[in-house]
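Reading the structure
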Amino acid sequence: MAGPINDDVRLCPISTSADALARIKTVTHHEYFESYPTVKSWMKKHTNNPTQRIKNYFISYLPFLSWIYRYNLTWFWSDVIAGVTVGAIVIPQSMAYAGLAKLAPQFGLYSSFVGVMIYWIFATSKDITIGPVAVMSALTGSVVEAVHKDHPGYELHVIASALSLISGCIVFALGMFRLGFIVEFIPLPALAAFMTGSALSIAMGQIPTLMGNNKYLDTRAPTYLVFGNFWKQISHCNLNAALGLTSLFLLYFIRFICTRAGKRFPKREKLFFFFNTLRAVFIILLYILISWLINRHDPDHPRTAILGAVPRGFQNMGVPYIDSTLLSAFTSYLPLTVIVLLIEHVAIAKSFGRINNYAIDPNQEMVGIGVTNIFGPFFGAYPATGSFSRTAIKSKAGVRTPLADIVSGSVIILGIYVLTGIFYWISQASLAAVIIHAVGDLIVGPTTLKSFWQVNPIEFFIFWAGVLVTIFSNIEYGIYVTVISSGVLLLFRIAKARGQFVGRVLVQQVKLFADDYEHLTTRNIYVPLDHSDGSNPTIIPISPGNGIFIYRLNESFLYPNANHYIELLVEKLFRETKPGKSNCYGSLGEQPWNLKTSRHPERDTQKDDSRPCLHALILDFAGVAHLDITGLQNLVDVRQQLDRYANKRVNWHFVGLSNPWLKRALVSVGFGSSHEGHTVFSVANIHDHIDCGENDNAVALVPILDSNRPLFHADLDEAYEAAITSLPAKDNAVIFNNNNS
């Protein structure tokens with residue numbers, strides 16, 4: 001086993017002789033000894049100025065302090081326009097989404113209000129707007145129904161509020177402890193599958209409401225069953241179908257006309273944008289009028305489904321109720337709820353941050369989502385997160401700061417206290433059309449699917465697995481399948497990381513002109529011997545030969561992949577070199593049981609074996625960011641194995657050690673040192689203050705890397721030359737160089 005590392009790493013030239021150091025100084029007049037990191041130095045670096053760090057930590061919870069003092073009228077009018085636009089849209093959307101959550105319409109309004117009024121204080125995104133969204137509402141509806149079925153004593157909105165409170169606390173804790181990187185483990189195909197599957201499930205669940213036969217089938221059943229049962233009950237469609245289908249047609253028609261008109265009349269593009277943005281509001285108002293005309297004579301027995309009475313004001317304010325029974329009832333749904341809250345919000349925030357050229361802080365966004373969902377239940381709200389459609393509208397409307405949310409909140413307040421009488425006549429079929437129209441934009445299109453296939457067919461199939469599971473089961477299982485599948489794929493890629501044996505190619509850099517070209521430089525590059533990187537197969541890389549091998553590692557050397565890396569390495573070394581002794585074992589009894597040989601190994605020995613003896617191994621660590629204890633122990637074990645095989649000490653050269661902790665780990669088990677000292681090393685010119693003020697105008701050569709570590713090299717050329725130089729004279733015959741390559 002690798003021994004423990006003394007934290008106070010004091011390195012002295014234990015293996016580099018005084019004569020070798022003297023030779024270095026003869027060439028360079030200077031030595032360089034690298035100071036390796038210690039836990040003490042790391043702690044000092046990360047706890048430097050703790051007062052300021054603590055102050056910055058708590059100030060980071062209130063990002064608005066960095067811009068509020070610069071607020072101005074230009075920003076204000078842009079925020080008012082964007083805020084009013086979003087507020088007008090969120091009112092009908094939130095009432096429709098509340099139905100997905102199996103709650104009364106007012107709870108959607110409550111959630112919208114709390115989302116916009118609290119989030120802006122903690123926001124690092126100016127574009128995103130928090131409130132009810134289709135997928136989260138559908139998931140909440142599933143949880144509410146499942147818990148209510150087992151515990152009918154709890155009201156539906158009580159269950160939803162408790163779910164919001166607990167999930168908000170979890171998300172807030174993740175943000176507080178700066179665990180936002182967790183979201184990065186959910187890849188784009190998993191997110192796309194989740195959104196597409198959810199959109200298809202939600203849309204199919206709303207079609208019966210759109211057509212008026214929703215009372216004759218279970219719209220919460222798996223999507224494929226809803227689809228089949230819908231056609232079985234198609235004869236029960238009624239007047240609602242006329243309202244729903246025409247609403248859906250008008251929503252798409254208005255979008256098509258406004259989009260085309262905006263392109264044809266660029267000067268009026270902004271006007272058409274607002275018409276397009278507010279199309280859902282226009283449709284709801286139009287069908288409120290139609291619904292009133294149809295049902296005004298007998299509102300208690302309406303001919304079409306209407307929304308019904310919506311209480312004025314906040315009727316469910318108070319401390320949310322939760323007890324151990326209720327908590328245990330939905331505990332199994334909390335991981336999924338947290339995942340949905342996070343992936344949709346953070347993905348949207350990052351996307352619009354890139355579009356509008358600003359960076360968001362995922363940790364702070366988690367804090368914002370968490371606080372919103374913690375305080376929301378006190379107003380009667382259910383779980384809310386970032387909305388893609390409203391965020392896109394808000395961004396295109398020209399929002400300048402998160403303060404636009406206050407304007408949106410004012411519009412929602414107006415709806416809650418003034419417009420509830422009008423809400424009574426909203427057609428349920430038109431609300432279903434609004435939902436179907438909204439979630440339709442979440443479905444991944446053929447262009448994106450084509451790109452998935454071209455980039456990675458495996459992830460393409462993961463996407464379809466998530467969508468199909470959602471259709472034939474439910475949204476929850478669809479999310480789990482995609483996330484787990486993506487995680488397994490990630491682990492497989494790490495565990496099966498492959499190294500590459502590389503050889504040298506002499507290349508010339510040429511600069512082309514209109515009528516001529518200029519030869520610039522000549523240099524060596526190292527490419528895989530098997531051309532696995534796609535390099536031109538007609539170019540034959542020159543293998544180092546002489547028992548020297550160059551092995552490139554493309555990923556970190558960690559416990560999942562260490563053994564796989566080593567197996568490929570040892571297999572090739574044993575195949576292309578001969579043992580240091582013709583018979584490593586004195587007798588049959590000394591042979592290991594699993595040795596693949598006969599009872600008389602001397603007969604199997606090749607008398608004219610032209611393979612070289614193993615001399616040196618060069619490891620290209622340029623792609624290695626981390627080395628753990630298991631990986632290091634694998635290197636130690638293989639070093640001992642190869643020394644026995646070669647019947648001598650095999651030199652291990654390392655190139656591209658970019659992390660001081662990598663060097664510290666390797667040095668701790670004896671890598672990097674050589675009894676021969678430095679024979680080949682890289683130097684650089686430096687100016688001024690070389691000799692503590694003496695000869696300030698002089699130019700001197702200084703070593704680039706630690707003078708004590710002759711087997712740590714600056715590049716592959718240096719490492720190869722060092723390996724060649726250390727060859728015994730009788731083996732120093734076939735050496736490739738720039739002249740014969």
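This one's a predicted model, so the numbers in the text were calculated from it and none came from an experiment.

So, on to the side chain of His 345. As for its placement among the helices and strands, His 345 is situated in helix H14 (residues 334–355). A polar contact of 3.4 Å, which involves the side chain of His 345, links it to the backbone nitrogen of Gly 386. Those residues in contact with His 345, other than ones at most four positions away along the chain, are Tyr 119, Ile 128, Ile 130, Glu 365, Ile 369, Thr 385 and Gly 386.

Before going further, it helps to spend a moment on helix H9 (residues 223–232). The set of residues buried in H9 consists of Thr 223, Val 226 and Phe 230. Buried residues along H9 cover an arc of 55° about the axis, so they all sit on one side. Residues of H9 that are buried make contact with helix H8 (188–211) and helix H21 (457–472).

Our next topic: the sheet that holds strand E6 (residues 616–620). Strands sit in the order E4-E3-E5-E6-E7-E10 across an open sheet of six strands; the sheet is mixed. Unpaired on one side and paired on the other, strand E4 (517–528) and strand E10 (712–713) mark the two borders of the sheet. Pairing geometry for strand E7 (residues 651–655) and E10, over two bridges, is parallel. Bridging across to E10, Phe 654 finds its partner in Phe 712.

Evaluated as defined, the whole model comprises 11 salt bridges. Salt-bridge contacts for Lys 126 lead to Asp 127; the nearest nitrogen and oxygen are separated by 3.0 Å. The partner of Lys 350 in a salt bridge is Glu 184, with the nearest N and O atoms 2.0 Å apart. Of the two residues, Lys 350 is situated in helix H14 and Glu 184 in the loop between helix H7 (156–176) and H8; the sequence distance between them amounts to 166 residues. Among the charged side chains, a salt-bridge network with shared partners connects Arg 504, Asp 717 and Glu 721.

What follows deals with a nonpolar patch on the surface. A surface patch of nonpolar side chains, amounting to about 470 Å² of accessible area, comprises Tyr 224, Leu 225, Trp 464, Leu 468 and Phe 472. Of all the secondary structure elements, the ones that give two or more residues to the nonpolar patch are H9 and H21. Counting residues per element, the nonpolar patch draws most heavily on H21, at three residues. With respect to the helices, strands and loops of the structure, Trp 464 is situated in helix H21.

Right, let's get into the side chain of Thr 420. Its location among the elements puts Thr 420 in helix H18 (residues 420–423). For Thr 420, a relative accessible area of 9% corresponds to the buried category. Residue contacts for Thr 420: discarding those within four places in its chain leaves Val 310, Pro 311, Arg 312 and Gly 415.

With that settled, the discussion passes to the nonpolar core. The biggest cluster of nonpolar side chains holds 107 residues, and the ones touching the most others in it are Phe 194 and Phe 330. A total of 12 residues in this core trace back to one element, the largest contributor, which is H14. Non-local contacts of Phe 194, meaning those with residues more than four positions away in its chain, are made with Val 135, Val 340, Ile 343, Ile 475 and Ile 479. One finds Tyr 551, Ile 566, Phe 621 and Phe 654 within the second-largest nonpolar core, a separate group that totals 37 residues.

Turning to the environment of Thr 385, a few remarks are in order. Following the sequence through the fold, Thr 385 ends up in strand E2 (residues 385–386). On the basis of relative accessible area, Thr 385 is assigned to the buried category, the value being 0%. In sequence terms Thr 385 and Met 136 are 249 residues apart; their C-alpha atoms lie 7.6 Å from each other. Here Thr 385 is in contact with Thr 129, Ile 130, Gly 131, Val 133, Met 136, Leu 341, Glu 344 and His 345, once residues within four sequence places are set aside.

Counting buried positions along E6 yields five of five residues, so the element is predominantly enclosed. Burial of E6 is two-sided: the residues Ala 616, Ile 618 and Asp 620 facing one way and the residues Leu 617 and Leu 619 facing the other way are all buried. Of the pairings in the sheet, the one linking strand E5 (residues 548–552) to E6 comprises five bridges and is parallel in character. Note on E6: the bridge partner recorded for Ile 548 is Ala 616. In the sheet, E6 pairs with E7 via five bridges, with the strands oriented parallel. Of the residues in E7, the one forming a bridge with Leu 617 is Trp 652. In the classification by handedness, the crossover that spans E6, the intervening helix H25 (residues 629–646) and the parallel E7 is right-handed.

For the coordinates displayed, the defined rule picks out 38 aromatic pairs. Clustering of aromatic rings is evident, with ring pairs tying together Phe 107, Tyr 110, Phe 113, Phe 314, Phe 379 and Tyr 417. Sitting above the plane of the Tyr 61 ring, Arg 178 keeps its charged end 5.2 Å from the centroid.

Procedures and definitions
Residues numbered from 1 in each chain as written. Predicted model: local features only at pLDDT ≥ 70, side-chain atom pairs only at ≥ 80, totals over all residues. Heavy atoms only, no water. Helix = DSSP H or I, 4+ residues; strand = E, 2+ residues; numbered from the N terminus. Polar contact = N/O pair within 3.5 Å; in protein donor to acceptor, adjacent residues only side chain to side chain. Contact = heavy atoms within 4.5 Å. Buried < 20%, exposed > 50% of the residue type's maximum accessible area, 1.4 Å probe, protein only. Arc of directions from axis to C-beta. Pairing = 2+ DSSP bridges. Salt bridge = Lys/Arg side-chain N within 4 Å of Asp/Glu carboxyl O. Patch = residues over 30% accessible without salt bridge, like charges linked within 9 Å, V, L, I, M, F, W, Y side chains within 5 Å. Areas by Shrake-Rupley, 256 points an atom, 1.4 Å probe, with all protein chains shown as cover. Core = buried A, V, L, I, M, F, W, Y, C linked by side-chain atoms within 4.5 Å. Right-handed = clockwise from strand over helix to strand, strands pointing away. Phe/Tyr/Trp six-rings, centres within 6.5 Å; stacked < 30°, edge-to-face > 60°. Lys NZ or Arg CZ within 6 Å of the ring centre and 35° of its normal.

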